[in-house]
Amino acid sequence: MDLSSLLFFIPACFALNMAPGPNNLLSLHNASRYGLRTACVAGGGRIVAFSGMIALAAMGLAVVLHTSEYLFLAIKVLGAGYLFYIAWQLWRAPVGEALVAADYPRGTWRLARQEFWVAAGNPKAILIFTAFLPQFVSVGSATPVSEQFLWLGLLFLLLEWAAIAIYAGLGAYLQRWFSQPGPRRLFNRVSASLLGCAGLGLLAARR
């Protein structure tokens, strides 16, 4: 990619990474509850899911998802159902005492799986990779298309890590305020409502 294309790709890509969505909301919530480090490590689950989606897009398998109405419907229904499940858990989460790391065994692994399934349950994400990344691939370049796609994908994932850190940093900054039962309950229920709305939006999404 030449310099002019790169200077356009980075801000456009980062805008996608920073868009408020279910995964970024999870990073914000996880950091406010479990701390910055835990939220950033848990974000690795999202990176794994996006890596698989980028690989599928690079191999052209995303066309199958784009053309199969039933496969798209199945993934988005499962994804929306999982968002509703997380929203229900947050709505009912106890807020009497702040949770410490010792009270939450295998918490990071559980949160990483949560990040993974939220990302994997959104079929629109793989279609974004199919529509967005190829725009910056030069067919006439001496560099093979697959290698260009690899580098674009790696840059996307690097910027995604930056978005995870930013949202987690915001959550960690607000951690002390959210340690009080009242603000914690309010934040949990606002987060649950937003995740529920994201689930409804996913159900309403078209290919």
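Bear in mind the structure is a predicted one, so any value in this text is a computation, not a measurement.

## Structural notes on the overall build of the chain
If you tally the helices and strands in the chain, you get 11 helices and zero strands. Burial status across the chain gives 40% buried among its 207 residues. Pairs at least 24 apart in sequence give 86% of the contacts found in the chain among residues at least 6 apart. In the form shown here, the chain has an accessible surface area of approximately 11400 Å², with 68% of it arising from carbon and sulfur atoms.

## A closer look at the packing of helix α4 (residues 44-59) against helix α7 (residues 107-120)
In the contact formed by α4 and α7, the axes pass within 6 Å of each other and the chain directions differ by 35°. For the crossing formed where α4 meets α7, the hand is right-handed. Across from G45, R46, V48, A49, F50 and M53 in α4, the residues of α7 making contact are A112, E115, F116, A119 and A120.

## Quick look at the confidence of the model for the chain
Taken residue by residue, the chain gives an average pLDDT of 78. The fraction at 70 or more is 78%. Model confidence for the chain, summarised as mean pLDDT per element, is weakest for helix α5 (residues 62-67) at 60 and strongest for helix α3 (residues 36-42) at 93. This stretch, residues 98-105, has a pLDDT under 50; its non-local contacts, to residues over four places away or in other chains, come to six contacts.

## Observations concerning the packing of aromatic side chains
Scanning all chains against the criterion turns up two aromatic pairs. The interplanar angle of 70° and the centroid separation of 6.2 Å between the aromatic rings of F50 and F156 together place this pair among those described as edge-to-face. Here F50 is found in helix α4, whereas its partner F156 is found in helix α9 (residues 145-173), with 106 residues between them in sequence. Look at F50 and you get buried, because its relative accessible area is 10%. Note on F116 and W117: the rings are 5.0 Å apart at their centroids and 85° apart in plane angle, and the pair reads as edge-to-face. For F116, a relative accessible area of 25% translates into the label partly exposed. Classification of W117 by relative accessible area gives partly exposed; the value is 49%.

## A word on the nonpolar core
A general tendency of soluble globular proteins is for nonpolar side chains to be buried together. In this structure, F9, F50, I54, F129, L133 and F156 are the most contacted members of the largest nonpolar core, which totals 22 residues. Going through the elements one at a time, α1 (3-18), α4, α8 (123-132) and α9 are the ones with two or more residues in this core. Discounting chain neighbours no more than four positions away, the residues touching L133 are F9, I54, I128, F149, L152 and G153. Core analysis: the second largest hydrophobic core is formed by 12 residues, L25, L83, A87 and L195 among them.

## Things to note about the pattern of salt bridges
One pass over the full model with this rule turns up two salt bridges. With a closest N to O distance of 3.1 Å, R46 and E115 form a salt bridge. Here E115 lies in helix α7 and R46 lies in helix α4, a separation of 69 residues in the sequence. Relative accessible area serves as the criterion here: at 0%, E115 is assigned to the buried category.

## Things to note about the UniProt feature "transmembrane region" (unreviewed entry) in the chain
Following the UniProt record, one finds the feature "transmembrane region" (unreviewed entry) at residues 6-26, 47-64, 70-88, 116-137, 149-174 and 186-205. Across residues 6-26 one finds 86% helix and 0% strand; the C-alpha atoms that close the span lie 29 Å apart. Here residues 149-174 runs as 96% helix and 0% strand, with 38 Å between its end C-alpha atoms.

## A closer look at the packing of α1 against α9
The N-to-C vectors of α1 and α9 enclose an angle of 45°; their axes lie 9 Å apart at closest approach. The angle between α1 and α9 falls in the class oblique. For the element pair α1 and α9, the recorded crossing hand is right-handed. For the pair formed by α1 and α9, the contact residues are L6, F9, I10, C13, F14, N17 and M18 on the first element and L152, L155, F156, L159, E160, A162, A163, I166 and Y167 on the second. In the contact of α1 with α9, the residues fall into 14 nonpolar, one polar and one charged.

## Some words on a nonpolar patch on the surface
Taken together, the side chains of L73, V77, F84, L200 and L203 make up a nonpolar region of the molecular surface, amounting to roughly 400 Å² of accessible area. When contributions to the nonpolar patch are tallied by element, the ones reaching two or more residues are α6 (69-92) and α11 (181-204). When residues in the nonpolar patch are grouped by element, the largest group, three residues, is from α6. Positionally, L200 belongs in helix α11. According to the relative accessible area criterion, L200 is exposed, its value standing at 53%.

Cut-offs and rules
- Residues numbered from 1 in each chain as written.
- Predicted model: local features only at pLDDT ≥ 70, side-chain atom pairs only at ≥ 80, totals over all residues.
- Heavy atoms only, no water.
- Helix = DSSP H or I, 4+ residues; strand = E, 2+ residues; numbered from the N terminus.
- Buried < 20%, exposed > 50% of the residue type's maximum accessible area, 1.4 Å probe, protein only.
- Contact = heavy atoms within 4.5 Å.
- Areas by Shrake-Rupley, 256 points an atom, 1.4 Å probe, with all protein chains shown as cover.
- Axes fitted to C-alpha atoms, helices over the stretch in contact; angles between N-to-C directions.
- Left-handed = near helix turned anticlockwise from the far one by under 90°.
- pLDDT = per-residue confidence, 0-100.
- Phe/Tyr/Trp six-rings, centres within 6.5 Å; stacked < 30°, edge-to-face > 60°.
- Core = buried A, V, L, I, M, F, W, Y, C linked by side-chain atoms within 4.5 Å.
- Salt bridge = Lys/Arg side-chain N within 4 Å of Asp/Glu carboxyl O.
- UniProt positions renumbered as here; feature names shortened; annotations may be inferred.
- Parallel < 35°, antiparallel > 145°, perpendicular 65-115°, else oblique.
- Nonpolar A, V, L, I, M, F, W, Y, C, P; charged D, E, K, R; others polar.
- Patch = residues over 30% accessible without salt bridge, like charges linked within 9 Å, V, L, I, M, F, W, Y side chains within 5 Å.

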